[in-house]
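# Observations on the three-dimensional arrangement
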Amino acid sequence: MKLVIDIGNTFIKCAIFKSTNIIDRISIQSVNQLLDFLKKYDLDKIIISSVVPEKNKEFIKYIDNHINTKIHFISYKDTDLKLNVENPASIGNDRICNIFAAIKLYNIPAIVIDFGTATTYDVINSKKEFIGGIISPGVETSVDNLISKAALLNQIDFKFPKSVIGKNTKTNIQSGIMFGAVSQVEGLINRIELESNQKYNIILTGGFSKLLSKALSINHIVDVDLTLKGMFHIDESFNK
């Protein structure tokens with residue numbers, strides 16, 4: 001069994017893979033929450049993808065002290081991905097995993113949209129090349145920023161209001177955030193397709209993918225585990 005750990009800016013997602021299947025998972029905010037989760041598993045390897053370098057040493061120390069198993073840190077150098085961008089080393093490891101999983105598991109060309117702290121768009125052409133993408137503020141990040149700048153606004157629920165035209169402050173904000181996110185996704189996909197004269201398979205992943213999925217008019221696939229699957233398959237490829 002393998003443990004995959006996706007260290008993000010807000011949460012740390014962990015999953016146990018047995019063969020190619022996820023059999024257990026947990027979302028944590030600190031490495032200290034990991035031990036109880038792992039007590040029932042005999043691990044062969046730990047695979048880590050991180051976009052927060054300062055947390056890496058903390059995880060290595062913890063794993064060495066409590067688990068004592070092999071660690072593989074994911075890097076773009078582990079893959080044979082064709083990264084047709086100015087500086088491949090600047091691509092976040094989470095995006096590398098998403099691109100790898102999309103090519104491995106789905107039809108190409110594709111756009112992978114990952115709803116995390118930032119919302120990222122990864123564009124993969126028919127030659128299986130990553131040709132670039134978009135980074136925009138994440139849904140929750142946008143809300144937190146809005147509320148921090150406006151003292152009279154309270155925290156809202158992430159849900160779609162009954163109508164686009166809000167009747168009170170709460171539904172005004174919900175409409176702006178939720179319908180605004182949907183319009184952004186549809187608008188950017190349309191711009192990408194017009195610019196490249198290409199239709200794409202659309203793959204959604206990340207925390208808000210299921211919530212936004214129901215309001216999208218564009219055909220798409222939701223795979224909330226895409227990053228974790230990419231980590232697993234990169235490691236499998238790395239060892240061949």
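Residues numbered from 1 in each chain as written. Predicted model: local features only at pLDDT ≥ 70, side-chain atom pairs only at ≥ 80, totals over all residues. Heavy atoms only, no water.

## Some points on the pairing of strand 2 (residues 12-18)
When a strand is regular, its side chains alternate between the sheet's two faces. What counts, and what does not: When a residue's accessible area, from a 1.4 Å probe over protein chains only, is under 20% of the maximum for its type it is buried; when over 50% it is exposed; and in between it is partly exposed. Starting at the N terminus, helices and strands are each numbered in turn, a helix being any DSSP run of H or I of at least four residues and a strand any DSSP run of E of at least two. Two strands pair if DSSP finds at least two bridges between them.
Of all 7 residues that make up strand 2, 5 are buried, and the element is covered over most of its length. Both strand 1 (residues 2-7) and strand 2 contribute to a ladder of 6 bridges, which runs antiparallel. Residue pairing across strands places Lys-2 opposite Phe-17, the latter belonging to strand 2. Between strand 1 and strand 2, which pair antiparallel one after the other, the connecting turn spans 4 residues. Here strand 2 pairs with strand 3 (residues 21-28) via 7 bridges, running antiparallel. By the bridge assignment for strand 3, Ala-15 is matched with Arg-25. Taking the residues between adjacent antiparallel strands as the criterion, strand 2 and strand 3 are bridged by 2 residues, where Ser-19 takes a positive phi near 60°.

## Some details on the sheet that holds strand 6 (residues 82-83)
Using the following cut-off: The criterion used for residue contact is that any of the two residues' heavy atoms lie within 4.5 Å. Between N-to-C directions, angles span 0 to 180 degrees; the directions come from axes that are lines fitted to C-alpha atoms, helices contributing only their stretch in contact.
The 6 strands lie next to each other as 6-9-8-7-10-11, forming an open sheet whose pairing is mixed. The open sheet has two free edges, formed respectively by strand 6 and strand 11 (221-222), since each of these has just one partner strand. Here strand 7 (residues 110-115) pairs with strand 10 (residues 201-206) via 6 bridges, running parallel. Each bridged residue has a counterpart across the sheet, and for Ile-113 the counterpart in strand 10 is Leu-204. Its contacts with the sheet put helix 5 (residues 169-196) on strand 7, strand 8 (118-124), strand 9 (129-137) and strand 10, and the angle it makes with strand 7 is roughly 155°.

## Concerning the environment of Pro-53
Counting through the fold element by element, Pro-53 comes out in the loop between strand 4 (45-50) and helix 2 (56-66). Residues Pro-53 and Ile-7 lie 46 residues apart in sequence; the distance between their C-alpha atoms is 9.1 Å.

## Focus on the pattern of salt bridges
Threshold: By convention in these notes, a salt bridge is any Lys or Arg side-chain nitrogen within 4 Å of a carboxyl oxygen on Asp or Glu.
The full count for this structure, using the stated rule, is 10 salt bridges. When the shortest N-O distance is used, the salt bridge between Arg-95 and Asp-122 registers 2.6 Å. Here Asp-122 lies in strand 8 and Arg-95 lies in helix 3 (residues 93-105), a separation of 27 residues in the sequence. Among the residues examined, Arg-95 registers a relative accessible area of 11% and is labelled buried. By relative accessible area, which is 0% here, Asp-122 ends up buried. Among the ionic pairs, Asp-157 bridges to Lys-170, the shortest N-O distance being 3.5 Å. You can see Asp-157 sitting in the loop between helix 4 (139-149) and helix 5 and its partner Lys-170 sitting in helix 5, a full 13 residues away along the chain.

## Things to note about helix 7 (residues 226-238)
What counts, and what does not: A helix's residues, less one, multiplied by 1.5 Å, set its expected span.
Taking 1.5 Å per residue as the helical rise, helix 7 with its 13 residues ought to reach 18 Å, and the 18 Å between its terminal C-alpha atoms agrees with that figure. Listed in full, the buried residues belonging to helix 7 are Leu-226, Thr-227, Leu-228, Gly-230, Met-231, Phe-232, His-233, Ile-234 and Asp-235.

## Here's the deal with the side chain of Asn-56
To keep it simple, the criterion reads: Under the rule applied, a polar contact is a pair of N or O atoms within 3.5 Å (in protein, one hydrogen donor and one hydrogen acceptor; residues adjacent in sequence only if both atoms are side-chain atoms).
Position of Asn-56 relative to the elements: it lies in helix 2. Taking the relative accessible area as the measure of exposure, Asn-56 reaches 19% and is therefore buried. Looking at Asn-56, its side chain comes within polar contact range of the side chain of Ser-50, at 2.8 Å. Beyond its immediate sequence surroundings of up to four residues, Asn-56 is in contact with Ile-7, Ser-50 and Phe-73.

## Examining the confidence of the model for the protein chain
To keep it simple, the criterion reads: On a range of 0 to 100, pLDDT expresses the predictor's confidence in each residue.
On average, residues of the protein chain score 90 in pLDDT, and 96% of them reach the 70 mark or higher. Taking the mean pLDDT of every element in the protein chain, the minimum, 76, falls on helix 4 and the maximum, 98, on strand 11.

## Concerning the sheet that holds strand 4
With mixed pairing, the 5 strands of this open sheet are ordered in space as 3-2-1-4-5. Pairing within the sheet leaves two strands with one partner each, and these edge strands are strand 3 and strand 5 (70-73). Each strand axis lies, on average, 20° off the axis of its neighbour in the sheet, ignoring direction.

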